[in-house]
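Breakdown of the fold
If you want the building blocks of each chain, they are given just below.
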Amino acid sequence: MSKEQEEKIDKEELNTQNTSEETTDTAAEAQADAAAEETTEEETEGDNAQKSAEESLDDKINKLTEDLEKANKEYLFLLAEFDNFRKRTVREKADIIRNAGEKVLGQLLPIIDDFERAIKANEQADDIEAIKQGVTLIYNKLIKYLEQNQVKAIESTGCDFDTELHEAVTTFPAPSEDLKGKVIDTVMTGYTINDKVLRHAKVVVGQ
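What this report covers is the structure whose coordinates are included nearby. Since we're looking at a predicted model, the values are computed, not measured.

Moving on, we get to the sheet that holds strand E5 (residues 196-199). The pairing of strands in a sheet happens through backbone hydrogen bonds and is either parallel or antiparallel. If you walk across this open sheet you meet the 3 strands as E1-E4-E5, and the pairing is antiparallel. At either end of the open sheet lies a strand with only one pairing partner, and these are strand E1 (151-153) and E5. Geometrically, the sheet is characterised by an average inter-axis angle of 35° between neighbouring strands, direction not taken into account. Here 3 bridges tie strand E4 (residues 191-193) to E5, and the two strands are oriented antiparallel to one another. Bridge pairing links Tyr191 to Arg199 in E5.

Spelled out as structure tokens, the structure:
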């Protein structure tokens with residue numbers, strides 16, 4: 001083999017080696033580029049996912065804020081309604097009490113009229129019995145009116161002494177054994193209204 005052939009073969013081997021190295025370098029660069037692109041895509045996907053999560057979180061926050069504002073408005077509305085109801089109830093209750101008082105006093109006026117007529121009649125009357133009957137009629141009318149309004153006299157004389165109903169003003173020796181511890185006299189009549197003591201009866205108790 002001549003020297004020229006050897007040099008040619010060496011050049012061909014060198015070219016082949018260079019081509020192989022270039023091919024290897026190109027493949028490495030392509031692989032690096034692919035890895036870089038994959039990394040970029042992953043980063044982009046990660047950024048998109050994070051952005052989507054942030055947007056979703058913002059939507060939830062906005063929704064909760066709207067719900068809270070709506071609930072707060074409803075609460076304030078209900079609070080105002082309750083306050084109006086309370087004021088209206090207090091006003092109606094006061095009206096009922098006032099009107100009830102007016103009704104009770106208004107129905108007493110005819111009895112006062114009877115008393116006024118009786119006083120005028122007594123100025124010129126000579127018949128004591130007629131005067132007594134007139135006073136008795138007015139008294140009975142007043143008692144009937146009280147009973148219509150659930151005001152009743154407390155039975156006392158001859159009954160057992162009851163601290164819930166009676167107030168002992170004094171004691172007195174009982175005329176008989178069976179009257180000991182019983183009311184033997186009523187100094188002032190007591191009254192109940194709707195079964196509640198309006199005034200205790202003042203009594204004398206047998207001892």
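One pass over the structure, following the stated rule, counts 7 salt bridges. Residues Arg117 and Asp114 are paired through a salt bridge, measuring 2.4 Å at the closest nitrogen-oxygen approach. Of this pair, Arg117 and Asp114 both sit in helix H1 (residues 3-124), 3 residues apart, which is roughly one turn of the helix. Linked by salt bridges that have partners in common, Asp83, Arg86 and Lys87 make up one network.

Reading guide: rules and limits
- Residues numbered from 1 in each chain as written.
- Predicted model: local features only at pLDDT ≥ 70, side-chain atom pairs only at ≥ 80, totals over all residues.
- Heavy atoms only, no water.
- Pairing = 2+ DSSP bridges.
- Helix = DSSP H or I, 4+ residues; strand = E, 2+ residues; numbered from the N terminus.
- Axes fitted to C-alpha atoms, helices over the stretch in contact; angles between N-to-C directions.
- Salt bridge = Lys/Arg side-chain N within 4 Å of Asp/Glu carboxyl O.

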